[in-house]
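Structure assessment
If you want the building blocks of each chain, they are given just below.
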Amino acid sequence: GQQLNQSPQSMFIQEGEDVSMNCTSSSIFNTWLWYKQDPGEGPVLLIALYKAGELTSNGRLTAQFGITRKDSFLNISASIPSDVGIYFCAGPTTSGTYKYIFGTGTRLKVLA
Amino acid sequence: NAGVTQTPKFRILKIGQSMTLQCTQDMNHNYMYWYRQDPGMGLKLIYYSVGAGITDKGEVPNGYNVSRSTTEDFPLRLELAAPSQTSVYFCASSSVTQYFGPGTRLTVL
């Protein structure tokens, strides 16, 4: 079945550093979503991508829809302590436009 | 605008007990979902609904039941709780993108 693999699984970075993470699949996706989950909370949508090659920013976050449509990337610039959390990618399954699968997550820890 | 609300926030069950996790959304979304998130893992889809009266299974439906009598409510029922159902349960709703509730942390002992 469809799977989304996220890399890295976890990372520790210094405050002020830039962060890059990615999400890959063996199947093509028409939409890529990036969520952040704070400890003890539900995921919150950060960025949605709808077209191959699309580059979209939300503050210090920038996400790209890979041109192969099998991957997506999320970058965080000048990280701050509140960036800590788990970042998930997600996309609609082939069996239903509004039925999503989620990646395994990238756990980010920022050292002040 | 409350978005997606879930009750209870925490619950401890004994093996074999039953309970219903409540989920309500006030955004008039047709699509609603139940996920479970095991420690250190991603989200797994349990059940979803594309509108009132219509539900379908996700990846991990065994041991759960759902109903959707109204657009707003999508309760999840556990009939015979088992330790394997210890998890955090998230409800979500969507028109195009999903919005999540705060979760219910369930422990089965």
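Please read these numbers as outputs of a predicted model, since none were measured by experiment.

**Details of the overall build of chain B**
- Looking only at helices and strands, chain B has 0 helices and 11 strands in total.
- Taken over the C-alpha trace, chain B has a radius of gyration of 13 Å; the compact-globule value for 109 residues is 13 Å, and the two agree within 12%.
- Taking the principal axes of the C-alpha coordinates as reference, chain B spans close to 35 × 25 × 20 Å.
- Each of the 109 residues in chain B was classed as buried or not, and the buried ones make up 46%.
- In chain B, of all internal contacts separated by at least 6 residues, the share reaching a separation of at least 24 is 53%.
- In the form shown here, chain B has an accessible surface area of approximately 5200 Å², with 53% of it arising from carbon and sulfur atoms.

**Description of the interface of chain B and chain A**
- In this complex, chain B contributes 20 residues to the contact, which on the side of chain A involves 18 residues.
- Each partner contributes to the roughly 1600 Å² buried at the junction of chain B and chain A, and carbon and sulfur atoms together form 58% of this total.
- On the chain B side of the contact with chain A, Leu43, Thr97 and Phe100 of chain B bury the most area, a combined 27% of that side's loss.
- Inspection of the chain B/chain A interface yields 0 salt bridges.
- If you look at where chain B meets chain A, you find 3 residue pairs in polar contact (both at pLDDT 80 or more).
- Among the elements that line the side of chain B that touches chain A, the one with the most residues is strand β4 (residues 31-37) of chain B, at 4 residues.
- Among the residues making up the side of chain B that touches chain A, the classes are represented as 11 nonpolar, 7 polar and 2 charged.

Calculation notes
Residues numbered from 1 in each chain as written. Chains lettered and ligands numbered in written order. Predicted model: local features only at pLDDT ≥ 70, side-chain atom pairs only at ≥ 80, totals over all residues. Heavy atoms only, no water. Helix = DSSP H or I, 4+ residues; strand = E, 2+ residues; numbered from the N terminus. Rg over C-alpha atoms; globule rule 2.2 N^0.38 Å. Buried < 20%, exposed > 50% of the residue type's maximum accessible area, 1.4 Å probe, protein only. Contact = heavy atoms within 4.5 Å. Areas by Shrake-Rupley, 256 points an atom, 1.4 Å probe, with all protein chains shown as cover. Buried area = accessible area lost by both parts, 1.4 Å probe. Salt bridge = Lys/Arg side-chain N within 4 Å of Asp/Glu carboxyl O. Polar contact = N/O pair within 3.5 Å; in protein donor to acceptor, adjacent residues only side chain to side chain. Nonpolar A, V, L, I, M, F, W, Y, C, P; charged D, E, K, R; others polar.

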